[in-house]
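Now for the letters of each chain:
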Amino acid sequence: MTLIATESLTKVYGGGVTALSDLTVAVEPGIVGLVGANGAGKSTLIKLLLGLLTPTAGRIQVLGLDPTVDAPAVRARIGYLPEHDCLPPDLSAAELITHLGRMSGLPRTVARERASEALRHVGLHEERHRPVGGYSTGMKQRVKLAQALVHDPDLLLLDEPTNGLDPAGRDAMLALVHRIGTEFGMSVLVCSHLLGEVERICDTLVAIDGGRLLRADNIAAMTSATDVLAVEVSEGTEALAARLAALDLPVSREGRLLLVPLADQGTYDLILGAVAELDLPLHRLDQRRHRVAELFARRESSHA
Amino acid sequence: MPEPTGVIHDIGYQRYTGPRLGRRQVVGALYLHGVRTVFGLGRSAKAKIFPWLVIGIVGMVAAAVTAIRAQVGEVVMTYAQFADAMSWLVIFFVAVAAPELVSRDLRSGVLPLYFSRPLPRTDYPLAKLLALVTGLWLLLGGPQLLMFLGGAFTADGMRGVWDELLDLLPGLLYAGLWAVVFASVGLLVASLTGKRAFAAGGIVAVFLMTTPIVGVLSILPSQTANQLAGVVSPPTLVQGVGLWAMRDLLITDPDGGGPDLGPFGPVYALVAVALVAACVALLLARYRKVAAR
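So, how was this worked out
- Residues numbered from 1 in each chain as written.
- Chains lettered and ligands numbered in written order.
- Predicted model: local features only at pLDDT ≥ 70, side-chain atom pairs only at ≥ 80, totals over all residues.
- Heavy atoms only, no water.
- UniProt positions renumbered as here; feature names shortened; annotations may be inferred.
- Patch = residues over 30% accessible without salt bridge, like charges linked within 9 Å, V, L, I, M, F, W, Y side chains within 5 Å.
- Areas by Shrake-Rupley, 256 points an atom, 1.4 Å probe, with all protein chains shown as cover.
- Salt bridge = Lys/Arg side-chain N within 4 Å of Asp/Glu carboxyl O.
- Helix = DSSP H or I, 4+ residues; strand = E, 2+ residues; numbered from the N terminus.
- Contact = heavy atoms within 4.5 Å.
- pLDDT = per-residue confidence, 0-100.
- Buried area = accessible area lost by both parts, 1.4 Å probe.
- Polar contact = N/O pair within 3.5 Å; in protein donor to acceptor, adjacent residues only side chain to side chain.
- Nonpolar A, V, L, I, M, F, W, Y, C, P; charged D, E, K, R; others polar.

In the nomenclature of an unreviewed UniProt entry, chain B corresponds to Membrane protein from the organism Micromonospora sonchi.

An unreviewed UniProt entry lists chain A under the name ABC transporter ATP-binding protein, with Micromonospora sonchi given as the organism. Comment text from UniProt for chain A, heading Sequence similarities (unreviewed entry), reads "Belongs to the ABC transporter superfamily."

Okay, structure coming up:
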C-alpha cells in the first residue's frame, strides 16, 4: 500500500503565495524524510495531509484515504508533532497526554494507561507528574512525541522534531524516531531542513524546494550507486591513473586524488594490485560514501 | 529456592486494538473538561480562588434570602430577581472563566494538537461554549435551588411546594438566558486574544462600557429611544427580555415600575437571539481561521 500519494498537488494561499506547486510523489511505508529549506512547503504539505487545509488543485491520499473527503478518519490514524511550542506549562505531562488521548477517542482508563506507556517509550516516566513548564527543551520535545503516539497511530508526522535540541539531544531524538519507525510498526514522516540529520534514519527521502519536488527516492538507491574509492599516492599519480584505466576502471582525478567507482570488493584488489606492481607509496585508500546532500547540490547546480 | 518476584519485563510497544470512541463521546469529554475548568477543578489552587469566591458570595446571598424568608416570612427576592441581582458577579465570573477556557489554549499553542485529532474544528469552540453556559447556569441556578428547598420546607403543604416550583422554573429559565447571552459574548471576546488579562479586561469592558450608552439613551427626549435603550447593553438586554416575558416575577414592588419597554418587548427578544447567533457565528469563524494556521 502506498503511504502517501499526491498528484499535481498545488496549494496557493489567499495572499497569492504559492506554497506547493504541481507536486507529484508516491511514498512507501517506512521512515520517510521530508527535507527542504525553511519555506519550501513542508509544513503546508503536513497540513494538507492532516486535512487542515484544502488543496488549490490536485489530489492527495494518505493511508489510502483522501483527507479532503474524510479528514476525521485520516486524523484518527495520524499522530502529529508540531514544530512550535504547543504545551500548556501548568499541566503535568501525564494529565496533558491523558486528555489528548481522550480527544483522540480513547476511553478514560485506556487514555490514562496509554499516556503513561507513551511517556515511558519516549523516556519520561518519573517526571511525568511534574508541570511541563519546568521541563527542558529536550523533555518538551519528548512530551510532544508522546502525545503523537498516545492513540497508536499508523503514521507519525514529525515537524522538525530536533528543533532547539543540542547535539546529544538530537542524536537521542533521532534514535528514538528510528526505533519507533522500525519497532513500533508505524510509518514516520520526519520533516527537517537538515538533510544530514534525516538521511541517517530514513528509508526514503523526499526533497522539496520552493514548493516543487526536487527528488524522491529510496535512500539506498541514492547512495549505493555513487560509492567511490578515493586513492592517494605520494608520487606517480599519473602512472597509476594510466594503469587503472588500462584495467577498464573509469578513473577520474580530483586534485591529488584518484576516484574510482566501487563496483564490488574486487575493485579494492585491482587497485591494490596496481599500486603494488608500480611500487608506489600508497597514502590512503578509502571508501567515500556520498552524502545525499551532494546529490542534491549537484542536481540543483545543474538546474541552474 | 523461591521464585523470583517483581521481575521487570520490557514488553515493548503494544498496539492498541480496543474501541475508539466517536465524535459525541469526544465532544462530551471536552465539554466535561471545560465545565471542570470553569470551576477551577483539576487546576492549581490559584485558579480555584476566584470562581469559588464568587460561588461563596452567591451562595451566601441565597442562604440569607432563604433564612430571612423562613424567619420573617418576607420574600426578599423572587428566583428571577435573584439572577438580576447577581448580574455583576456573573460578569466577573465570565471575565475569569472565559479566558481560562479559551485564551490559555491560544496562548500555549496547544490548539494544533486538538485540530490534528479527529474532532471537527467547530466542535472545540462549541464544547467550550456549552461548558461556559453550563457553568454560569449552575452558578445562578444552584442558589435558586437552595432557595427553593428552603421555601419548600417552610411552605404549607404540597400546594405551597407546587406554587414554589412554578416560581422556580421561570427563574431557572431566566438564569439560562443570562448564561447563554453572557457566555457567548464573553467567550467570543476571550477567543480573540491569548493574553488572559486582556481577555478579562475586554469582557468587563464590553459588558460595562455599554451601560453609559443605555443611560444616555434612556434620558433622551424621544420615548422610542427610552424604550429601546436597554437593547445596546447585554445586561439590560437580558433584563428587557425578562421583563417582557415575566414582568410580574421581576417587578414585585407595585410602585416601582422598572424600565418601560413600551411595545418593544419582542424586539428585545429578537435582539437577544440575534446577538447570541452572531457571537456563535463569529466564534466559529474565528476558530476556522485559527485551525488553518
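### Regarding a nonpolar patch on the surface
Residue and element names in this part refer to chain B. A cluster of nonpolar side chains, namely F50, L53, I57, W88 and F92, defines an oily patch on the protein surface of about 480 Å² accessible area. Of all the secondary structure elements, the ones that give two or more residues to the nonpolar patch are α2 (45–72) and α4 (87–108). When residues of the nonpolar patch are assigned to their parent elements, the largest contribution, three residues, is made by α2. Structurally, F50 can be placed in helix α2.

### Concerning the environment of D105 of chain B
All names here are of chain B. Looking at where D105 falls in the secondary structure, it is placed in helix α4. When the C-alpha positions of D105 and L166 are compared, they lie 41 Å apart, and in sequence the two are 61 residues distant. When sequence neighbours within four positions are dropped, the list of residues in contact with D105 reads V110, L111, Y114, Y124 and K128.

### Focus: the confidence of the model for chain B
All names here are of chain B. Of the residues in chain B, 94% reach a pLDDT of 70 or more, and the chain-wide mean stands at 87. Within chain B, the element-level pLDDT minimum falls on helix α9 (residues 223–228), averaging 83, and the maximum on helix α1 (residues 23–38), averaging 94. Among the prediction metrics, the complex's ipTM stands at 0.86, with pTM recorded as 0.84.

### Looking at the confidence of the model for chain A
For chain A, per-residue confidence averages 87 on the pLDDT scale, and residues scoring 70 or more make up 93% of the total. Element-level pLDDT for chain A is lowest in helix α11 (residues 292–303) of chain A, with a mean of 54, against a maximum mean of 95 in strand β5 (residues 78–81) of chain A.

### Description of the interface of chain A and chain B
Tallying the contact residues gives 40 residues for chain A and 33 residues for chain B. For the pairing of chain A and chain B, the buried interface totals around 3200 Å² over both sides, and the portion due to carbon and sulfur atoms is 54%. At the boundary of chain A and chain B, one finds three salt bridges. Among the salt bridges present, the one from D90 of chain A reaches R104 of chain B, with a minimum N-O distance of 2.5 Å. Between the two partners, chain A and chain B, sit 19 residue pairs in polar contact (both at pLDDT 80 or more). Of all elements in the fold, only α2 (71–76), α3 (93–103), α4 (108–121) and α5 (137–149) of chain A reach the threshold of two or more residues within the side of chain A that touches chain B. Per-element tally for the side of chain A that touches chain B: the top contributor is α3 of chain A, with six residues. Grouping the amino acids of the side of chain A that touches chain B by side-chain chemistry returns 23 nonpolar, seven polar and ten charged.

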